Amino acid sequence: MTLDAATLPMTGWTARLHGDNGHPARLVLDPGGGSPITHSLLPQTASGQLVLGAHLTRPRSGPASGMVTLAYGVAPKAPLTVTFVRYRSWRPAGRRQTRPLILGDRVWLAECGGVFDEVQVTAGGHTTTRLL
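Reference entry: report on the structure contained in this document.

### Quick notes on the sheet that holds strand β5 (residues 53–57)
- A sheet is described by the order of its strands in space; here four strands give the open sequence β5-β6-β10-β9, paired in antiparallel fashion. Two strands lie at the open edges of the sheet, namely β5 and β9 (101–103), each paired on one side alone. Ignoring strand direction, the axes of neighbouring strands in this sheet form an average angle of 20 degrees.
- Looking at chain direction, strand β6 (residues 68–74) and strand β10 (residues 107–113) are connected through seven bridges and run antiparallel. The partner of T69 across the bridge, within β10, is C112.

### Details of the side chain of H39
- Following the sequence through the fold, H39 ends up in strand β4 (residues 37–40).
- We classify H39 as buried; its relative accessible area is 18%.
- In terms of polar contacts, H39 uses its side chain to reach the side chain of Y72, at 3.2 Å.
- Ignoring anything within four residues of it in the chain, the contact list for H39 reads A25, R26, L27, L52 and Y72.

### Comments concerning the sheet that holds strand β12 (residues 126–131)
- What the four strands build is an open sheet, ordered β8-β7-β11-β12; its pairing is antiparallel. Two strands in the sheet have a free side with no partner beyond their single neighbour: β8 (91–98) and β12. Here the average twist between neighbouring strands, direction ignored, is 25 degrees.

### Some words on unusual backbone geometry
- Look at D105: it is not a glycine, yet its phi comes out positive at around 55 degrees.
- Structurally, the position occupied by D105 is in the loop between β9 and β10.
- Take D105: its relative accessible area is 59%, and that puts it in the exposed class.

### Observations concerning the packing of aromatic side chains
- If you walk through the whole model with that rule in mind, you get one aromatic pair.
- Centre to centre, the rings of F84 and F116 are 5.7 Å apart; their planes meet at 50 degrees, and the pair counts as tilted. Within this pair, whereas F84 is found in strand β7 (residues 80–88), its partner F116 is found in the loop between β10 and β11 (118–123), the two being separated by 32 residues in sequence.
- When its relative accessible area of 2% is taken as the criterion, F116 is described as buried.
- The aromatic ring of F116 is capped on one face by R86, whose charged end is 4.5 Å from the ring centroid.

### Section: the environment of G94
- Among the secondary structure elements, G94 is positioned in strand β8.
- Ignoring anything within four residues of it in the chain, the contact list for G94 reads F84, V85 and R86.

Criteria and thresholds
- Throughout this document, residue positions are counted from 1 along each chain, in the order its sequence is written.
- Local features in this predicted model are restricted to residues whose pLDDT is 70 or higher, and side-chain atom pairs enter the listing and the counts only when it is 80 or higher, whereas totals over whole chains, interfaces and linings include all residues.
- To get the side-chain values, take all heavy atoms of the structure and skip hydrogens and water.
- Any two strands between which DSSP finds at least two bridges are classified as paired.
- In DSSP terms, a helix is any run of H or I states spanning at least four residues, a strand is any run of E spanning at least two, and both are numbered starting from the N terminus.
- Orientation is described by axes fitted as lines to C-alpha atoms, over the contacting stretch for helices, and by angles from 0 to 180 degrees between their N-to-C directions.
- For every residue, the accessible area obtained with a 1.4 Å probe (protein chains only) is divided by the maximum for its type, and the residue is called buried under 20%, exposed over 50%, and partly exposed between those limits.
- What qualifies as a polar contact is a pair of N or O atoms within 3.5 Å, subject to a donor-acceptor requirement within protein and to the restriction that residues adjacent in sequence count only when both atoms come from side chains.
- Note on contacts: a residue pair is in contact if any heavy atoms of the two residues lie within 4.5 Å.
- Working definition: a ring pair exists when centres of Phe, Tyr or Trp rings (six-membered ring for Trp) sit within 6.5 Å. Plane angles under 30 degrees give stacked, over 60 give edge-to-face, the rest tilted.
- A ring is considered to have a charge above it if a Lys NZ or an Arg CZ atom is located within 6 Å of its centre and within 35 degrees of its normal.

What follows is the structure in structure tokens.
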């Protein structure tokens, strides 16, 4: 069974796939206040869509001073690894791998508690980095 919608546990954001003719065409992320974020999905998985976005946000519940880093992109056919990286004086100070949530066999989403400087996604020997 594939999920077409989910509520992310740390941020409380909802993610939904909207499609045309049975094919997911858009990813819609709703932070629960303000405007939703929409990304168009290409018909074929492209390396340019491996990471669509990343955000620092406050968790919906828990301590007000805590932060969560959220990242998402198009899921490739190959298994993928999502790593959140924190830097200190331009050297890695912390790395945390997370297991992504997959929506509709098409989109991945990952959350990690804390403030990170970049997210690295590796699939099929190709790594894409997104600065926050």
